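One-letter residues, chain by chain:
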Amino acid sequence: MRPTQLAGAALLLMLVLAFPVLVNPYWLTVGILAIFYAIVTASWALLVGYAGQFSFGHMGFVSMGAYCSALLVSAAGLPIPIGMAAALVLSGVVGAVIGYTCLRMHGPYLAIFTMAFSEVFRIIALTENEITGGAGGLEVTPLFHTRSDAPYFYLGLALLAASLGLMSWMTTSRWGLFFRAIRENEQAAAAAGVKVVRFRVLVFAIASSFAGLAGAFYAHYIGILTPDVGSVDQMGLVVAMAVIGGAESLPAAVIGAIVVEFLVEALRAYGEWRLVLFGALLLLTVRFARNGLLALAWEQVLRLGPVRERARPARRPAAS
Amino acid sequence: MTGLIEAVDLTLRFGGIVAVRGLHFAVREGELVGLIGPNGSGKTTTINMLTGHLSPGSGHIMLRGARVEGMSADRFAARGVGRTFQVTQLFSRMSVLENMLVPGLARPHSTHVAARRQARLHLEFLGLAALEDLPARSLSGGQQKLLELGRALMLEPSILFLDEPFAGVNPYLRDEIIRLVQALHAEGRTFVIVDHDLEAIQRLVQRLVVMSRGEKIADGTVDAVREDAEVIRAYSGV
């Protein structure tokens, strides 16, 4: 890493760490929600961008993790960390079952199946109001009893760093290679000796467990949990974040989630028109930058490198 | 006859159509066998069954004396059964080297260093070493066929099924593929080659198996098969 890049990274890290003291409580809430969406979007990118399993039910696992932890803590009296760990495990196990169930499904069939699963879970959460509180919401024990939300920000940041680190490690290991091989061509992957069934189930389980963990964090932060967290609207937002950022790169997906979440709030004065803007942005991204706007921007930066090198005047050789 | 791989009374139906009927077919260690027949005779279906991509409706597949029918394709690959496809199937957006590393790292106890070294050796052998960083989709059709062969070689297969390796390949590359297969065969590898290019097949193989309408109609040396009345009838349609 060059000194300028190192200095830039250090400055960015300082800004992120100082974020809670630099902004008012409203924008701190937006920052915490952006972190939540970043974990969800990165895990969806792992599933869709790397392994090619187009799930439209990812928010169902977020919702499952959220209700699992909330209910275990409030009804069973378990400590919050145990509740969050249980959310991670439950979402992972159910993700594996869903992954196994739809082994023979691809593309739109897989998307419809997973969306149906998510909707079924949302309707159950809505209907079983004696357990879940239904549309009125479930009161969830907060993680921290502080006046400031800063502890949530730092915990969220730690969860994001850990999730991203683990997922990045996976994508650069042989597992990542197998995920991409399955995305490219399942038949060829099987002929090359890749255990396609095992890795398809595995990627569903891993992505769902991160979604469940994010859901548990969200539940203990937001305080009142409603079934809407697993709605199709929310899933659409995550898709938009991943597509605009770049679904085939975890950091791009994370940045996409953060940028979109902040833009959604910054443009709130425009009401529903801001959603039209995001719809248009999504269409343009899919049409002109299928790897995401950030990936496109990064490519431009990489291309500019040699251009700058060429544009730099050549040093005259020292006179001998 | 027992062999390295053996089809015993294999039958497969797709709905009302019998794709392969009562096929008996064995390949011995170190053989180079050609599997030919008119379009729709069941050659690719046979290869798909013998490599685990299709499960036979009835009959057995014996690999080194053990029954393996119904196993998944990856388990066939793990047992040393490699293949290429009629229409080249690559990991298009992955690099040439990554295409090679997938089977290399799928093998148990493999390491990145060993897989990379082995991949580069095979790429050198196939004449693709200079292209290792390119995406597979950017290769020419012939180079893609070679890469697919290289990917199968990464399994260190005991038997290789090549499905139409000469289809859509220019004469120069066809000769190159023949040379490579001959070199690999000389090292002791076993091959089953399906193709319509009879001239190329006859240059390569020691034994020909002929299929027509899902059944084996001839099995013998190239000269014997060429004279076989049923084979002439199947090809001429008379």
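Residues numbered from 1 in each chain as written. Chains lettered and ligands numbered in written order. Predicted model: local features only at pLDDT ≥ 70, side-chain atom pairs only at ≥ 80, totals over all residues.

Colleague: Before we go on, may I ask you to explain the overall build of chain A in this structure?
Modeller: Counting secondary structure elements, chain A contains 14 helices and two strands. For 320 residues, the compact-globule estimate of 2.2 N^0.38 gives 20 Å, and the C-alpha radius of gyration of chain A, at 21 Å, lies within 12% of that figure. Dimensions along the principal axes, computed over C-alpha positions, put chain A at roughly 90 × 55 × 40 Å. Expressed as a percentage of the 320 residues in chain A, the buried residues total 48%. For chain A, restricting intrachain contacts to residue pairs at least 6 apart in sequence, the fraction spanning at least 24 positions comes to 78%. (Helix = DSSP H or I, 4+ residues; strand = E, 2+ residues; numbered from the N terminus. Rg over C-alpha atoms; globule rule 2.2 N^0.38 Å. Buried ≥ 20, exposed ≤ 12 C-beta atoms within 10 Å, placed from the backbone. Contact = placed C-beta atoms within 7 Å.)

Colleague: Explain the overall build of chain B here, please?
Modeller: Helix and strand content of chain B: nine helices and ten strands. Considering only C-alpha atoms, chain B reaches an extent of 50 × 40 × 35 Å along its principal axes. Every one of the 238 residues in chain B was classed for burial, and the buried ones make up 45%. Put simply, 64% of the contacts in chain B that link residues at least 6 apart link residues at least 24 apart.

Colleague: Just to check I follow, could you spell out the pairing of strand E3 (residues 32-36) of chain B for this structure?
Modeller: Remark: a regular strand shows side chains that alternate across the two faces of the sheet. Residue and element names in this part refer to chain B. Among the five residues in E3, four count as buried, and that is most of the element. Sheet topology places E3 next to strand E8 (residues 190-194); four bridges connect them, and they run parallel. Bridge assignment links Val33 to a residue of E8, and that residue is Val192. (Pairing = 2+ DSSP bridges.)

Colleague: Even after reading the chapter, I still don't get the packing of helix H8 (residues 174-184) of chain A against helix H10 (residues 196-222) of chain A, so can you show me in this structure?
Modeller: Between two packed helices, both the angle of their axes relative to each other and the distance between the axes serve to describe the pair. All names here are of chain A. Across the interface, H8 lies against H10 with an axial gap of 10 Å and an inter-helix angle of 105°. The angle between the axes of H8 and H10 places the two elements in the roughly perpendicular class. From H8, Phe178, Phe179 and Ile182 reach across to H10, where they touch Val196, Phe199, Arg200 and Val203. Here the contact of H8 with H10 is composed, by residue class, of six nonpolar, no polar and one charged. (Axes fitted to C-alpha atoms, helices over the stretch in contact; angles between N-to-C directions. Parallel < 35°, antiparallel > 145°, perpendicular 65-115°, else oblique. Nonpolar A, V, L, I, M, F, W, Y, C, P; charged D, E, K, R; others polar.)

Colleague: Could you clarify how one ought to interpret the sheet that holds strand E4 (residues 58-63) of chain B in this entry?
Modeller: Backbone-to-backbone hydrogen bonds join strands into a sheet, with any given pair of strands oriented parallel or antiparallel. Residues and elements named next belong to chain B. Spatially, four strands are ordered E2-E1-E4-E5 in an open sheet, and the strand pairing comes out antiparallel. Of all strands in the sheet, those bounded by a partner on one side alone are strand E2 (17-27) and strand E5 (66-67). The strands that helix H1 (residues 43-50) touches are strand E1 (5-14), E2 and E4; relative to E1, the one it contacts most, it runs at about 120°.

Colleague: Whenever I open this one, the nonpolar core confuses me. Can you help?
Modeller: Soluble, globular proteins show a tendency: their nonpolar side chains are buried together. In terms of nonpolar packing, the biggest core is built from 171 residues, with Leu46 and Val194 of chain A together with Val102 of chain B touching the most fellow members. Apart from the residues within four sequence positions on either side, Val194 of chain A is in contact with Phe178, Ala181, Ile182, Ala189 and Phe199 of chain A together with Asp74, Val102 and Ala106 of chain B. (Core = buried A, V, L, I, M, F, W, Y, C linked by C-beta atoms within 7 Å.)

Colleague: Hey, could you run me through the interface of chain A and chain B in this one?
Modeller: Counting residues at the interface gives 17 residues for chain A, matched by 23 residues for chain B. By residue number, the principal contributor to the side of chain A that touches chain B is H8 of chain A, which donates six residues. A class-by-class count of the residues in the side of chain A that touches chain B yields ten nonpolar, three polar and four charged.

Colleague: I would appreciate a short explanation of unusual backbone geometry in the present structure.
Modeller: Both trends apply: most residues other than glycine have a negative phi, and most peptide bonds are in trans. All names here are of chain B. The backbone phi angle of Glu164 is positive, close to 50°, even though this residue is not glycine. Tracing the backbone through its elements, the reader meets Glu164 in the loop between strand E7 (159-163) and helix H6 (171-186). Classification of Glu164 by C-beta neighbours within 10 Å gives buried; the count is 21. Positive phi is not limited to glycine here, since Arg213 has a value of about 50°.

Colleague: Whenever I open this one, the sheet that holds E7 of chain B confuses me. Can you help?
Modeller: Residue and element names in this part refer to chain B. Strands sit in the order E6-E7-E8-E3-E9-E10 across an open sheet of six strands; the sheet is mixed. Bordering the open sheet on either side are strand E6 (81-83) and strand E10 (215-221), each of which pairs with just one other strand. Averaged over all neighbouring strand pairs, the angle between strand axes comes to 20°, with direction disregarded.

Colleague: Explanation requested: the packing of helix H3 (residues 58-74) of chain A against H10 of chain A in the structure shown.
Modeller: All names here are of chain A. Where H3 meets H10, the closest approach of the two axes is 6 Å, and the angle between their N-to-C directions is 50°. Viewed along their axes, H3 and H10 adopt a mutual orientation that is oblique. The two elements H3 and H10 cross, and the hand of that crossing is right-handed. On the side of H3, the interface is formed by His58, Phe61, Val62, Ser63, Met64, Gly65, Ala66, Ser69 and Ala70, while H10 contributes Ser208, Ala211, Gly212, Leu213, Ala214, Gly215, Ala216, Tyr218, Ala219 and His220. Residues of the contact of H3 with H10, tallied by class, amount to eleven nonpolar, eight polar and no charged. (Left-handed = near helix turned anticlockwise from the far one by under 90°.)

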